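Summary of the model geometry
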Amino acid sequence: MKLVVIGFGQCGGRIADEFARLNRRARSYRGIEIVTGAFAVNTDAADLSGLTTIRSDYQHRILIGGRKTSGHGVGKINELGAEIANEDGDKIIDAIRSARRFFESDAFLLIASSAGGTGSGGIPIITQLIKERYMDKPVYNLIVLPFEHEETTEERTIYNSAVCLKSVNAVADAIILVDNQRYVRKDFSLRNNLAKINALMVEPFYNLLCAGEEKKPKHIGARMLDAGDIIQTLVGWTVIGYGKSPLPLITLPFERKRNFRQKSTETHKGIQAMDEAISELSLRCNPKDAGRALYLLSAPAKEMNMDLIKELGDYLRDIAPEATIRNGDYPRERGVLDVAVILSELNTVDKVKDYYNKSAGFISEVKQRQEEIKGKLKEIEDASQDIPSLL
Ligand SMILES: Nc1nc2c(ncn2[C@@H]2O[C@H](COP(=O)(O)OP(=O)(O)OP(=O)(O)O)[C@@H](O)[C@H]2O)c(=O)[nH]1
Ligand SMILES: [Mg+2]
């Protein structure tokens, strides 16, 4: 599957940069392309120059709202982010159109954080614009949710998230939710934290996107997963997971004939990887709420067998009984067996509901505060009624 990837704001831009690196990896190690164009859109010039892999010309790192923000961002005011995206939308469309292999793309992936201003305000506007222009290609959103400490210290974080999520849900074909808090690991140093988190976030996409682009028979599975399977799976609220089990790199000659015990170890490793994928989903949710699901098993060809694929299918069926399940196998890796899982068409997501509920309170608080200010202003005005004015 080939994507056009567009990142908005600091977070979106950096993750789009990570997708550009993923494409570079696919090209050099596998000889295939999975990203036809990678773009970063921002109101902040410094953020754009901090990227490393997205091409550095103005058609790929797109500065918007220059006049309004002088290149310094919108400071978390999502209304301003939306307004600027509205005004400069054509700039983005022009840039996409000029991408070299645009017409080979299967879908768009737009990325932003929900908590900021530029990304969270701009992404619904541009999603809608692209949907109007390119009716034949699905438009997906990947939305990064804030860390816990950001939610507790800054009300605007929750309010921006609620507004962003409601807006993208009205326009995007699917919204992949990715919760920053789920990726915090004790062993990451603070400085490298975001870079590591971004790498973890895009990793599940590597095999998912590559599997359908393979041309060599030895890398084509018994059941190849292609763009059609992914497009059929992605609808509405979506989460993604990834797990892997190491395999011995070298098998000794006397071990080559697999006995029943080895076979059961293989199945065990497969289940272990699937287990990890489910327990480390990009956002905590209940798999029972999924209407569609997909899994891809990647492993050395000799480690895969129909039993294993069936076992994984049974496992997923147990935890997501309502879902239509698609699957694929991808004979690729050496020394590792990995499983990528997508749960989609979730009919409820607690975290999203929480944002809506919490900011409903916030909105009435803001309104009340505004009323109070208005009342005070009126008092001063009334008091000044009999004073002559010089104007
Ligand atoms: N995973 C991840 N999250 C990030 C990254 N950069 C920022 N964030 C998160 O994104 C949110 C802040 O949004 P930004 O993307 O910085 O904001 P913006 O879209 O640039 O908007 P303004 O700066 O307000 O104009 C916070 O929740 C951060 O934790 C990143 O590189 N990776
Ligand atoms: Mg910014």
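In this report, the structure presented in the accompanying data block is examined.

What counts and how
Residues numbered from 1 in each chain as written. Chains lettered and ligands numbered in written order. Predicted model: local features only at pLDDT ≥ 70, side-chain atom pairs only at ≥ 80, totals over all residues. Heavy atoms only, no water. Helix = DSSP H or I, 4+ residues; strand = E, 2+ residues; numbered from the N terminus. Buried < 20%, exposed > 50% of the residue type's maximum accessible area, 1.4 Å probe, protein only. Contact = heavy atoms within 4.5 Å. Areas by Shrake-Rupley, 256 points an atom, 1.4 Å probe, with all protein chains shown as cover. Lys, Arg positive; Asp, Glu negative; His and termini not counted. Charge placed at Lys NZ, Arg CZ, Asp CG, Glu CD. Core = buried A, V, L, I, M, F, W, Y, C linked by side-chain atoms within 4.5 Å. Salt bridge = Lys/Arg side-chain N within 4 Å of Asp/Glu carboxyl O. Near = heavy atom within 4 Å. Polar contact = N/O pair within 3.5 Å; in protein donor to acceptor, adjacent residues only side chain to side chain.

So, on to the overall build of the chain. Tallying secondary structure elements over the chain gives twelve helices and ten strands in all. Projected onto its principal axes, the C-alpha coordinates of the chain cover approximately 105 × 40 × 40 Å. The buried share of the chain, taken over its 391 residues, is 53%. Expressed as a percentage of contacts within the chain between residues at least 6 apart in sequence, the contacts between residues at least 24 apart total 81%. When the accessible area of the chain is evaluated, it comes to approximately 19,600 Å², of which 52% is carbon and sulfur surface. Each charge sign in the chain was given a centre, from 54 positive and 54 negative side chains, and these centres are 7 Å apart.

A few words now on the nonpolar core. Counting 66 residues, the largest nonpolar core has Ile 130 and Leu 177 as its most contacted members. Non-local contacts of Leu 177, meaning those with residues more than four positions away in its chain, are made with Ile 143, Leu 145, Leu 165, Trp 237, Thr 238, Val 239, Ser 282, Leu 283, Val 349 and Val 352. Counting residues in each nonpolar core, the second largest holds 49 residues, with Ala 174, Leu 234, Ile 240 and Ala 340 among its members.

With that out of the way, let us pick up the pattern of salt bridges. Side chains that carry opposite charge are capable of pairing whenever their charged atoms lie near each other. Scanning the entire structure with this criterion turns up 23 salt bridges. A salt bridge links Arg 25 to Glu 203, with the nearest nitrogen and oxygen atoms 3.0 Å apart. Taken as a pair, Arg 25 in helix 1 (residues 9-30) and Glu 203 in helix 8 (residues 193-211) lie far apart in primary sequence, 178 residues in all. When its relative accessible area of 30% is taken as the criterion, Arg 25 is described as partly exposed. Between Arg 97 and Asp 94 there is a salt bridge, and its shortest N-O distance comes to 3.6 Å. Within this pair, Arg 97 and its partner Asp 94 are both found in helix 4 (residues 78-97), separated by three residues, close to a single helical turn. Looking at Arg 97, the relative accessible area reads 45%, which means it is partly exposed. Taken together, the salt bridges that share partners define one network made up of Lys 2, Arg 27, Glu 33, Arg 101, Glu 104 and Glu 213.

Taken together, 23 residues are adjacent to ligand 1, and Lys 76, Thr 118, Glu 150, Asn 180 and Asn 198 come closest. One of the backbone nitrogen or oxygen atoms of Cys 11 is found 3.0 Å away from an oxygen atom of ligand 1. One of the side-chain nitrogen or oxygen atoms of Asn 198 is found 2.7 Å away from a nitrogen atom of ligand 1. For ligand 1, the accessible surface in isolation is 640 Å², of which the surrounding protein chains cover 91%. Among the elements of the structure, helix 1, helix 5 (118-133) and helix 8 are those that each provide at least two residues to the shell around ligand 1.

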